[in-house]
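Chains, contacts and geometry: an overview
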Amino acid sequence: MSELEGWKGKLKQGILENEEILIELTLRGECGEWLPSLALYDKEKDLWYYFDNEIRTGFTEDKAFRNAVEFFEKLIIGLEVPILKVSPLKEESLGGG
């Protein structure tokens, strides 16, 4: 299976989702760097959350994508704790808050 098949390929296209959540990846270039950012949409609460974690930038779009995947994989296995915000100013907890 190619690296971009499955969930990584879907994320590279910008959206990864299941019945409960949607993860959106945005890659934008700025001043010679590519900046990855991830957002999470909670379908049940109809609410967007923004990851405020530091995701490494890349000098190419592909490197920024790989950095976003690396961050996401660390979230999945518990090596990275998500810092979620409902806006750039307010931190929010997913645990029934």
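Residues numbered from 1 in each chain as written. Predicted model: local features only at pLDDT ≥ 70, side-chain atom pairs only at ≥ 80, totals over all residues. Heavy atoms only, no water.

**A closer look at the packing of aromatic side chains**
Aromatic ring pairs are described here by two measures, namely the spacing of the ring centres and the angle between the planes. A full pass over the atoms with the stated rule returns three aromatic pairs. Measuring from ring centre to ring centre gives 6.0 Å for Phe51 and Phe71, while their planes differ by 85 degrees; the resulting arrangement is edge-to-face. Taken together, the residues span a long stretch of sequence, with Phe51 in strand β4 (residues 47-51) and Phe71 in helix α2 (residues 61-77) at a distance of 20 residues. For Phe51, a relative accessible area of 12% gives the class buried. Stacked on the ring of Phe65, the Lys or Arg Lys12 has its end atom at 4.7 Å from the ring centre. (Phe/Tyr/Trp six-rings, centres within 6.5 Å; stacked < 30°, edge-to-face > 60°. Helix = DSSP H or I, 4+ residues; strand = E, 2+ residues; numbered from the N terminus. Buried < 20%, exposed > 50% of the residue type's maximum accessible area, 1.4 Å probe, protein only. Lys NZ or Arg CZ within 6 Å of the ring centre and 35° of its normal.)

**Side note on the nonpolar core**
The biggest cluster of nonpolar side chains holds 16 residues, and the ones touching the most others in it are Leu11, Ile23, Leu25, Leu38, Phe51, Phe71 and Phe72. Put simply, the parts of the chain that give this core at least two residues each are β2 (21-30), β3 (33-42), β4 and α2. Per element, the largest residue contribution to this core is six residues, and it comes from α2. If we ignore the near neighbours within four places in the chain, the residues touching Ile23 are Leu11, Gly14, Ile15, Leu16, Leu38, Ala39, Leu40, Phe51 and Phe72. (Core = buried A, V, L, I, M, F, W, Y, C linked by side-chain atoms within 4.5 Å. Contact = heavy atoms within 4.5 Å.)

**Observations concerning the sheet that holds strand β5 (residues 84-85)**
Read across the open sheet, the five strands follow the order β1-β2-β3-β4-β5; overall the sheet is antiparallel. Across the chains shown, the open sheet's two edge strands, defined by having one partner strand only, are β1 (15-17) and β5. Alignment of β1 against β2, held across three bridges, turns out to be antiparallel. Across the sheet, residue Ile15 finds its bridge partner in β2, namely Glu24. (Pairing = 2+ DSSP bridges.)

**Brief notes about the side chain of Asn67**
Along the chain, Asn67 turns up in helix α2. If sequence neighbours within four positions are ignored, Asn67 has contacts with Ile55, Arg56, Thr57 and Gly58.

**Here we look at the pattern of salt bridges**
For side chains of opposite charge, pairing can occur when their charged atoms come near one another. With the rule as written, the count across this model stands at eight salt bridges. Salt-bridge contacts for Asp62 lead to Lys12; the nearest nitrogen and oxygen are separated by 3.5 Å. Taken together, the residues Asp62 in helix α2 and Lys12 in helix α1 (residues 7-12) connect sequence positions 50 residues apart. Assessed through its relative accessible area of 35%, Asp62 is described here as partly exposed. Note that Arg66 and Asp62 form a salt bridge whose closest N and O atoms lie 3.2 Å from each other. (Salt bridge = Lys/Arg side-chain N within 4 Å of Asp/Glu carboxyl O.)

**Some points on the confidence of the model for the chain**
Confidence in the prediction of the chain, expressed as mean pLDDT, is 87, and 85% of residues score 70 or more. Ranking the elements of the chain by mean pLDDT puts β5 last, at 90, and α2 first, at 95. (pLDDT = per-residue confidence, 0-100.)

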